[in-house]
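What follows is the residue order along each chain.
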Amino acid sequence: MRPVELSSPLVRLDQPTSGDAEAIFEYCQDPLFERVLTVPWPYGREDAASFISGYVPAGWASDREYTWAVRAPGSPELIGVIGLRVPSGSIGYWVGAPHRGHGYIPEAQRLVADWAFSTGVVDAITWQCVPGNIASARTARKIGFSFVGEMPADHPHRDGSFPPAWTGRLLATDDRAPKAGWPADVVAD
Ligand SMILES: CC(C)(COP(=O)(O)OP(=O)(O)OC[C@H]1O[C@@H](n2cnc3c(N)ncnc32)[C@H](O)[C@@H]1OP(=O)(O)O)[C@@H](O)C(=O)NCCC(=O)NCCS
C-alpha cells in the first residue's frame, strides 16, 4: 500500500524523511530506549538513515508494517514514531523525551486504530511493553485497551529472546473508554 497521512487537531502522522534523520538519531540516544524498545543499540546515524530510506518504505510496500512520523500540526519537527505490524496488529511507538506528557501518543494511537479498523487492515490491535513501563501502559489504557496480562513478547528482543511482556488488546468493536483490570500503578493518579 502507499503511505497514508492521518491527522487531528493534536497530531499529524506522515512519512519520515531524510530531514528527520538527525532528530531520530538524537532521540534514540535516550538510555531508556535500550531497555523498553527493540531499536538497534547503540543507535547510530546509519540506523536512522536506513530506518527512513529502507525499513519504513519497505514495510508499506510489503504491507507488513505501517510506520509514521509523529508531528505536531503546523510544525515540521518529528517528535516521535508509531508503527502497526500486519497481520499481527502489534502497535509500537516512542516520543522524544522533550515531547512526553502532552498526549501525543494516545492521540496517534486513536488515529492509527480508527484508520486500521475502518479500512479493515486489522480487527484487533495488540499492545505490549516491558513489565513496569507505566508511561506506555497509561497510553494504552487511556485509549481503551484491555489488559490481558503478562505473556511472552510477540516479537523478539535484540538477543533473539521473547521476554515476558505486559500485553493489552483493543478490538474494532471495543468502545474507547478505559477498561477495568489494569495494574494499580497504571491506574493511579
Ligand atoms: C510511552 C510514551 C510513548 C508515552 O507518550 P506520551 O505522548 O508522552 O503519552 P502521554 O502524554 O499520554 O503520557 C503518558 C504517561 O507518561 C508519563 N509522563 C508524563 N509526562 C512525562 C514526561 N515529561 N516524561 C516522561 N513520562 C511522562 C505519565 O505517566 C503519563 O501518564 P498520565 O498522563 O496518565 O499521567 C513515551 O513516554 C515514550 O516515548 N517512552 C519511551 C519509549 C516507550 O516506552 N515506548 C513504548 C514502548 S511499549
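What this report covers is the structure whose coordinates are included nearby. (Residues numbered from 1 in each chain as written. Predicted model: local features only at pLDDT ≥ 70, side-chain atom pairs only at ≥ 80, totals over all residues. Heavy atoms only, no water.)

**Brief notes about the environment of G80**
Put simply, the rule reads: Secondary structure follows DSSP: runs of H or I at least 4 residues long count as helices, runs of E at least 2 residues long count as strands, and numbering of each begins at the N terminus. We call two residues in contact when some of their heavy atoms are within 4.5 Å.
For G80, the location among the structural elements is in strand 4 (residues 78-85). Excluding its chain neighbours within four sequence positions, the residues that come into contact with G80 are W68, A69, V70, W94 and V95.

**Brief notes about the site of the ligand**
This is how the line gets drawn: Residue proximity to a molecule or strand is established when one non-hydrogen atom of the residue lies within 4 Å of it. Under the rule applied, a polar contact is a pair of N or O atoms within 3.5 Å (in protein, one hydrogen donor and one hydrogen acceptor; residues adjacent in sequence only if both atoms are side-chain atoms). Values of accessible area rely on a 1.4 Å probe in the Shrake-Rupley scheme; residue burial ignores everything except the protein chains shown. Asp, Glu, Lys and Arg are counted as charged, while Ala, Val, Leu, Ile, Met, Phe, Trp, Tyr, Cys and Pro are counted as nonpolar; the rest, among them Gly, fall into the polar class.
Surveying the vicinity of the ligand reveals 22 residues, the closest of which are V95, G101, G103, N133 and K142. Within the side chain of K142, an N or O atom sits 2.5 Å from an oxygen atom of the ligand. For the ligand, whose unbound accessible area comes to 900 Å², protein coverage reaches 74%. Elements that contribute at least two residues to the shell around the ligand include exactly helix 2 (31-36), strand 5 (90-95), helix 4 (104-119), strand 6 (124-129) and helix 5 (134-142). Sort the elements by how many residues they give to the shell around the ligand and helix 5 lands first, with five residues. Broken down by class, the residue content of the shell around the ligand amounts to 12 nonpolar, seven polar and three charged.

**Notes on helix 5**
Our working definition: Only protein chains enter the calculation, and the probe is 1.4 Å; a residue is then buried if its accessible area is under 20% of its type maximum, exposed if over 50%, and partly exposed in between. The reported arc concerns the directions from the helix axis to the C-beta atoms and nothing else.
For helix 5, every residue scored as buried is listed here: S136, A137, T139 and A140. Down the axis of helix 5, the smallest arc covering the buried residues is 155°, so these residues share one side. If you follow the buried residues of helix 5, they end up packed against strand 5, helix 4, strand 6, strand 8 (164-171) and helix 6 (184-187). G144 sits one or two residues past helix 5 and shows a positive phi near 110°.

**With respect to the nonpolar core**
Our working rule: By convention a nonpolar core is built from buried Ala, Val, Leu, Ile, Met, Phe, Trp, Tyr and Cys residues, the set being connected through side-chain atoms within 4.5 Å.
In this structure, L13 and W127 are the most contacted members of the largest nonpolar core, which totals 54 residues. Sorting elements by how many residues they give to this core places helix 4 first, with nine residues. Every residue in contact with L13, bar those within four places of it in the chain, is listed here: V4, E5, L6, W68, A69, V70, I82, A108, L111 and V112.

**Focus: the pattern of salt bridges**
Which entries qualify depends on this criterion: Every case where a carboxyl oxygen of Asp or Glu lies within 4 Å of a side-chain nitrogen of Lys or Arg is listed as a salt bridge.
By the definition in use, this model includes nine salt bridges. Between E22 and R45 there is a salt bridge, with its nearest N and O atoms 2.7 Å apart. One end of the pair, E22, is in helix 1 (residues 21-27); the other, R45, is in helix 3 (residues 45-62), with 23 residues separating them in the sequence. A salt bridge links D175 to K179, with the nearest nitrogen and oxygen atoms 3.0 Å apart. Using a relative accessible area of 48% as the deciding quantity, one classes D175 as partly exposed.

**Description of the sheet that holds strand 3 (residues 65-71)**
Rule in force here: Between any two strands, at least two bridges found by DSSP are needed for them to pair. Interaxial angle, 0 to 180 degrees, is taken between N-to-C directions of lines fitted to C-alpha atoms, where a helix line uses only the stretch in contact.
Spatially, the eight strands line up as an open sheet ordered 1-2-3-4-5-6-8-7, and their pairing is mixed. One side of each edge strand has no neighbouring strand; the edge strands of this open sheet are strand 1 (6-7) and strand 7 (146-152). As paired strands, strand 1 and strand 2 (residues 12-14) are joined by two bridges and run antiparallel to one another. Across the sheet, residue L6 finds its bridge partner in strand 2, namely L13. Of the strands in this sheet, strand 3 and strand 4 are in contact with helix 3, which crosses strand 3 at around 130°. Together, strand 5, strand 6 and strand 8 form the strand contacts of helix 5, whose direction differs from that of strand 6 by roughly 160°.

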